[in-house]
Structures are given as C-alpha cells and as structure tokens.
Amino acid sequence: MAKRKQQRDASTDPYREREQQKYENPVPSREFLMDLLAEQARPLTREEVAQAIGLESPEELEGLRRRLIAMERDGQAIRNRRGGYVLVDNEELLRGRVVGHQDGYGQLAPDVGGDRVYISPRDMRMVMHGDRAVVRVTGVNHEGQPAGILVDVIQRANKTVVGRFFTESGVGFVVPSNKRIHHDVIVPAEAQQNAANGELVVVQITQQPTMRRQPIGEVIQVLGEHIRPGTEIEAAQLIYEIPVTWPEAVEKELARLPDEVPEADKQERKDLRDLPLVTIDGADARDFDDAVYAEPKPSGWRLVVAIADVSHYVRPGTALDREAGNRGNSVYFPRDVVPMLPEKLSNGLCSLNPQVDRLCTVCDMLISTSGELRRSRFYRGVMRSHARLLYEEVAELLVDESPALRTTYQHLLRPLEHLYGVYESLRKARERRGAIDFETTETQIIFDQHGSIETIRPTQRTEAHRLIEECMLAANQATARFLQKQRLPSLFRNHDGPDEDRLDNLRRFLAETGLSLGGGDDPQPADYAKLLRSVQHRADRHLIQTLMLRSLKQAVYHPVNTGHFGLAMPEYAHFTSPIRRYPDLVVHRGIGHVIDGGQGQTFPKRQDELLSLGEHCSMTERRADEATRDAESILKCQYIRDKVGETFNGVVTGVTGFGLFVELDDLYVDGLVHVTQLENDFFRFDPIGHHLTGERTGRVYRLTDRVRVRIARVDPDERKVDLTMIGPLDERGEVVEAVATAKSARKRGKGALGKRGGNRGRRREAGGRGR
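Description of the structure in this document. Note that this is a predicted model, so its numbers are computed, not measured.

**Comments concerning the pairing of strand E4 (residues 106–110)**
1) Next: By the criterion of burial, E4 is predominantly enclosed, with five of the five residues buried.
2) Next: Here E4 shows no split at all, with Gly106, Leu108 and Pro110 on one side and Gln107 and Ala109 on the other all buried.
3) Next: Relative to E4, strand E3 (residues 93–100) runs antiparallel, the two being bridged by five bridges. Paired with Gly96 across the strands is Pro110, a residue of E4.
4) Next: Hairpin connection of E3 to E4: five residues between the antiparallel strands, including Gly104 at a positive phi of 110°.
5) Next: What sits between the antiparallel neighbours E4 and strand E5 (residues 117–119) is a turn of six residues, in which Gly113 has the positive phi angle 90°.

This is the structure:
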C-alpha cells in the first residue's frame, strides 16, 4: 500500500516567523517549499503547490509565483516543459559551478559537496569556466567519475575576458589568456577598436555561448603587444576578473563611517583596554585583525583571542556587505593587495593598530595543561593593542632570550611567556591527535625601487609563527563547537580525507618503495603523520611527502560540518580573519546573534543560501590563488629573462608524459624540460611511480631528483620558461653521464614517448590545499 502524503498548510511553515519579519504578507519559505517538492513522487505545477499548502488569495498566489521564480533563478528547482517544478540537488539533478579544463571538457563542483561531475566537451560549448549550472547525473565516464549532461545555466560568470586578438580570413577573435576558458570569443569588425593582430585586449562578452555559436564580444581595452613591467598585477586582475574598484554606493556608505570609534559604540561591551593584548605579524603584514593574551590558571591556561569586530560596521544588506560577499576574500599579490573591505575599514577602524581603541569580538578559552580545549565563551569587547610585534622579534625574545629585546618589552614579557606556555601545550595536543605537518618552502619576493624583482628568498618559519597559528586554530575550533552547540546556520571549513583513486595511487607508489600507509581503506590523519615521521631520515622523503600532499583534497566552505582531516579536528570553522575572509564575517554575525539573546535556529540564513555562499567563497579563494600565481609567474619570467643560455642546478618538482618541471636553485623559478629536450632516447612515463624512464639508456627521472639544466627560452606573456637537460646530479653535485643499457631499441614503439613523439602540450593541473 502506497504511503499517503502528509497534508501541508502554509501556517505550519517552521520558518513562518522569519518570513513575517521580512514581508508584510509572508510567503512560504524556500525550505518549506523544498520539503514539499521532496516529498512528492512527481513534478508539481504552481497551481498544485498552491492547492497543496492552502493558498487562495491573490496576494498569496502572487507571493508564491515570485518565490518559485526566485528558486528557479537560484537553481533550487527547475520547471519542466509541462510547467511542473522539480527539486534540484537530489540524486540526479545537481547545481554548482563549472570548472573548465583546457582540453575542452569540464566538471561541475556541486554546491552540496561530493565528487565533481564530468561535463563533455559538447556540453561545455554552452558554458564557460565559472558559470553556475544544473546538470543531470547520467552515469560514469571511462575513468569512473560521475558524468552528467547540462540541464540549465543559472548564472553567467564572465562579463569580460582578457586574451590575444587575432584575425583570420577577415574574422576577428580573441584567444583567452585564462586556459580554463576554451572558447575563442568572436569579435565583429565594428567592435574591434583598431586592435592589431596579436595584441592583448580586454573583450566584453555581449552574447554568451550556445550549442551552435561561440561567445561574441567587443574590444573595450587594448593592453598592447606584451605585458609591460609594472603591469603584471593589473593583467592578472583583469584575466581572473578580480574586482578592484568600489561601487559608488559603497563609497557613499564609507563617507558616513567615522574615522575613529565613537564613545557610544564602546558602551555595553567588556572593557579589555587594560589587558595587555598584542598583535604578532610579519614585517610586511597589511592588516592586523587578531590580538592575543594568555595567563596561567590552576588547571591550565586562559587564552584570549580578540578579533576586529567587522560585523559592527558591515551590516547585512548594505552595499558594503554585497561587495564584500562578491569579492569573497582579499587577494594578496607580491607587492599589492586587493582588499575585501575598503582601506577605511581594513587599515583603519577594523585594524588593531597599537595604542588606539578598537571594537572586537572575543573568544575567551580555557586550555588544559595537556593542550585540550576545556571551555570557551564569546563576547563583544573594546580593546587597545599594547604592541605591534614581529614574528622575528617574538622568536628572539622567547626562544633565543635576546637580552636587548627582553629589556625593550619587559612590560610584556610575562604575558608573552604565558603565550609560549599555551603554545607548548597546544603543540603537544596537536601531535597527540595526529595532525599532519608537511615541510614546505615558502618564498618572499623582494622588489627594487622600480617595481622589478631584486631577489627571491626563502622565508624562515619561526616558533612565533607556530605560536600564533596554534592560538588561531584553538579559536577556530572553539568557534565550530559553538556553532554546533547553538545549532547556528553558518559555514564550516571542511577538509575531507583522500578520495579512493588518489589513495590507491599513493598506496601503489609506497609499495614500490617498501612503505605502507596504515588505516586500510579509511586512513586517518594519524596514519599520515606516522608515515611522515617514519621517512624523516630517508633520502627520498621529499618525494614521499610531495605525493602524500597531492593525495589530499582541497579544503572548502560548507554549511554541514565534516571536520578537518589535515588538522585532525572533528569540527572546524574560520573565525579569525573577518577583514579578509567573508565566511569569517558570516560566522561573526551568527555569534553576535546569540550574544544578543537570539536562538541559533532563528538566525536568518537559509541552508540553500549557505550552500551557494560556501561554494562561491571556495571559488573566490581558488581564483585568488590562481591570480596570484599568474602574477608571480609573469614577474619571475621577467626576472630571469636576461639569464637565457645560463646553466643552473635544480630539483624536479613535476613529472608528466610530456616532460619535467624543474625549480631552479636560488631563483625559485619553475621551468619545463620538454621530453624532446631530454637525451636522445625514448622515455616511458609511469604515472604511479611519477618517473620517466629511457628505454635505451635506462635513465630515470623522478620527482625531487637533482638535475642541471640550461635556460633555453623565456616568454613572460605565456608564463613559460623552457629548459634543456644537461643531466642528473650525483651526491657530489656532478652531472651523471648516461650509459646505454642492453635493452633493445625495438621496444621504442608502442606506448613510448620519443625524441619526436609524445604529448607536446604544456599542462599543469591546478591544485592546492587550504586550512
């Protein structure tokens, strides 16, 4: 017997109170309507929806019509040819953002999370990288990945495109510089603005692509034949559509903000101005949004993390809020920053500068002597930073016990020593729970007075860096626990464990080296940490670490907590940087809602709204990373352009079927040794072992191998550094000569990559991990 559907009535809407606060004539909430559609075994027309929930008056029916149109616009539901509404984000229909690939295919990153869905090159004709769309999952592709077909385009992402203008047979078109956009943009003769063949231009999209037609646009700016020195960051901003100007409405709102914190705003806040809170940052830090303090307690430590109260100034629904949400995060270029918030806030009212009053939101924690978070509370405060300290100073003061610095900061010495005590406890807890610590080399670009690179040098990570990191991690974990306890709709920072394919590849590689990763089919962070410790003294430890790192997924923002694999935390959220990350601002607003006496479930954020926002902020984070890397690539190419013909030692950082990527010593610049530039041999690529093997010589090139190369060509416009191989290096740093093996050259045929064969493309998959 079929299960009878439960009768629904608009008056039973659990979010009716929220809707009543927003509308004079309340409309059934999106959640209520989605629950209704989810219960049905068939699509419902608007009339059937109205009948099912008892809507009759013209005002109610008009409200329903507008609500359903909005849900369709946002991709929550789609309407079939008979006018019936079907819920999206079910087992078959998924909405999300399109991620393009330069080979022509694409993937849909679903808002709900999970595996990406393969989109064929045929369907990718209708969309561009970054567009939001709905796909129907139809099965799996040849690699076992979920595959789907395009159902609808919800939102177009690309208003402008940067690329090179060409004409062929009288037809003008632009080839995008962003390799994820594989469409050439057609430019009619009357819209070419006298652009010359081969010049870089900015083209505005006037007609989006369809199944039968490429996108059409008009040239709105000619950038010239080459990217000129000093314009690299501007070029990257244009290519990746990083918003750089403030809308007029934002400027008007800024004009109404005070220059200093008014006395009235400090009322009804906990006064922390006498508490010796300090900021600890790098010498080149551009904003100061966190301050810390610690003191001993009988059962451990009191740790106070005070964060600039951005939510006091950036209110929901304002132009400032809309623009901050659109930007998603600040973008940090080598010598410039595109802030999420205007300077009046990011460097003024919301920057915890020393000896000035600032509003803050505080996470006040009790940390046990073993480093466990015992309890925490949140409140609004007014503070005054007692000092702006540098990482290097704090490390010298606490670790090296510099007499001069200890004298200079004598008034802060006790609280700083207490902070170090908290750090030591937190660090031990980190090791116990099995958090993963990868060794990576970060670099700093030093510019001359003309804006060109003077040198690139590695940065030193001190105990002070780790101290601040552990304090921020503790506050973020306390925040995630608070969100869950209060049942606050918000965004968590999730980092899932490795997927099955990456894990299988890692295990097969480890087996070849006589190693294994514990945990069976479900390894835990502690299993990764244990393996890392076991290879610390091996010569190939960097190779093993690199492949372990690549096996992990990228961290994302999502309204459902799944924990952070890399940190080995069952719950995690971002609280500590609302100046530069919009998800942190959303979290602060939720906390403020509870501080003001509200119930978590009444916080006005819908689950579907948070899904889209989390995906958007994850996208803007990746966009910022790609734009920053692009600008750095141009700068580095210009830096070494006069070194063509010189030889350098380096380390292999990537092995592909078409060659080797090598990072040059001291320069910290990557270049490609194409397979055709290797020895006169045929090389086979092993994707599991990550090596190329010559059939005649038996020579093997692996990740992290030391080699000597010559710079053959540098092209800043294409971000390419071409290298030729001189040879691998032995332990003494001398080139190892190739010796032919007894293998027959007859094997050079099937599957071999030779001097004149193989894949000539230059491809590097974008990846990354984030906390």
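Here the narrative resumes, following the displayed structure.
**Some details on the packing of helix H2 (residues 30–39) against helix H4 (residues 58–73)**
For any two helices packed against each other, the geometry comes down to the angle between their axes and how far apart the axes lie.
1) Next: With their axes 11 Å apart at the nearest point, H2 and H4 run at an angle of 80° to one another. Judged by the angle between their axes, H2 and H4 are roughly perpendicular. Residues Arg30, Leu33 and Met34 of H2 lie in contact with H4, whose contacting residues are Leu64, Arg67, Leu68, Ala70, Met71 and Arg73.
2) Next: Class assignment of the residues belonging to the contact of H2 with H4 gives a composition of six nonpolar, no polar and three charged.

**Some thoughts on the pattern of salt bridges**
1) Next: A complete count under the given rule lists 52 salt bridges for this structure.
2) Next: A salt bridge links Asp123 to Arg122; its shortest N-O distance comes to 3.9 Å.
3) Next: For Arg122, a relative accessible area of 51% gives the class exposed.
4) Next: Its salt-bridge partner being Arg430, residue Glu470 comes within 2.8 Å of it at the nearest N-O pair. With a gap of 40 residues between them, Glu470 in helix H13 (residues 463–485) and Arg430 in helix H12 (residues 413–433) connect regions that are remote in the sequence. Across this residue pair, the class does not change: Glu470 and Arg430 are buried.
5) Next: Three or more residues are tied together by salt bridges with common partners; here these are Glu263, Lys266, Asp271, Arg273, Asp357 and Arg384.

**Remarks on unusual backbone geometry**
1) Next: Although it is not a glycine, Arg487 adopts a positive phi angle of roughly 55°.
2) Next: Mapped onto the fold, Arg487 is located in the loop between H13 and strand E24 (492–494).

**Quick word on the sheet that holds strand E27 (residues 659–664)**
1) Next: Taken together, the five strands give a closed barrel; going around it, the order is E26-E27-E28-E33-E32, and neighbouring strands pair in mixed fashion. Neighbour-to-neighbour, the strand axes of the sheet open up by a mean angle of 50°, direction not taken into account.
2) Next: Bridge count between strand E26 (residues 647–656) and E27: six bridges; the pairing is antiparallel. Looking at E27, one finds that Gly654 is bridged to Phe661.
3) Next: Most of the contacts of helix H18 (residues 607–640) go to strand E32 (residues 706–715), to which it runs at about 95°, and overall it touches E32 and strand E33 (720–728).

**Quick notes on the packing of aromatic side chains**
1) Next: Under the definition given, this model contains eight aromatic pairs.
2) Next: With 5.0 Å between their ring centres and 55° between their planes, Phe378 and Phe482 make a pair best called tilted. In this pair, Phe378 is assigned in strand E20 (residues 373–384) and Phe482 in helix H13, connecting sequence segments 104 residues apart. Both residues of the pair, Phe378 and Phe482, count as buried.
3) Next: Taken together, the ring pairs connect Phe378, Phe482 and Phe575 into an aromatic cluster.
4) Next: When the ring centre of Trp246 is taken as origin, the NZ or CZ atom of Arg327, which lies over that ring, is 3.5 Å away.

**A short note on helix H15 (residues 525–534)**
1) Next: Among all positions of H15, only Pro525, Asp527, Tyr528, Ala529, Leu531 and Leu532 are buried.
2) Next: Elements that come into contact with the buried residues of H15 comprise helix H14 (500–512) and helix H16 (541–550).

Definitions and cut-offs
Counting from 1, residues in each chain are numbered in the order their sequence is written. For this predicted model, a pLDDT threshold of at least 70 governs which residues receive local features, and a threshold of 80 or more governs which side-chain atom pairs are given and counted, while totals over whole chains, interfaces and linings are taken from all residues. Side-chain descriptors were evaluated using all non-hydrogen atoms of the structure, hydrogens and water having been removed beforehand. Using a 1.4 Å probe on the protein chains alone, a residue whose accessible area is under 20% of its type maximum counts as buried, one over 50% counts as exposed, and one in between counts as partly exposed. Each helix is a run of DSSP H or I of at least 4 residues and each strand a run of E of at least 2, with the numbering of both proceeding from the N terminus. DSSP-based pairing: two strands are paired if at least 2 bridges between them are found. Lines fitted to the C-alpha atoms define the axes, with helices restricted to the stretch that makes contact. Angles between their N-to-C directions range from 0 to 180 degrees. The scheme is simple: roughly parallel for angles under 35 degrees, roughly antiparallel for over 145, roughly perpendicular for 65 to 115, oblique for anything else. The contact definition used throughout considers only heavy atoms, calling two residues in contact when any of these lie within 4.5 Å. The nonpolar class holds Ala, Val, Leu, Ile, Met, Phe, Trp, Tyr, Cys and Pro. Asp, Glu, Lys and Arg form the charged class, and all remaining residues, Gly among them, are polar. Salt bridge, as applied in this entry: a Lys or Arg side-chain nitrogen positioned within 4 Å of an Asp or Glu carboxyl oxygen. Pairing of aromatic rings covers Phe, Tyr and Trp, the last through its six-membered ring, and needs centres within 6.5 Å; plane angles under 30 degrees mean stacked, over 60 mean edge-to-face, and all others mean tilted. Whether a charge sits over a ring depends on NZ of Lys or CZ of Arg being within 6 Å of the ring centre and within 35 degrees of the ring normal.

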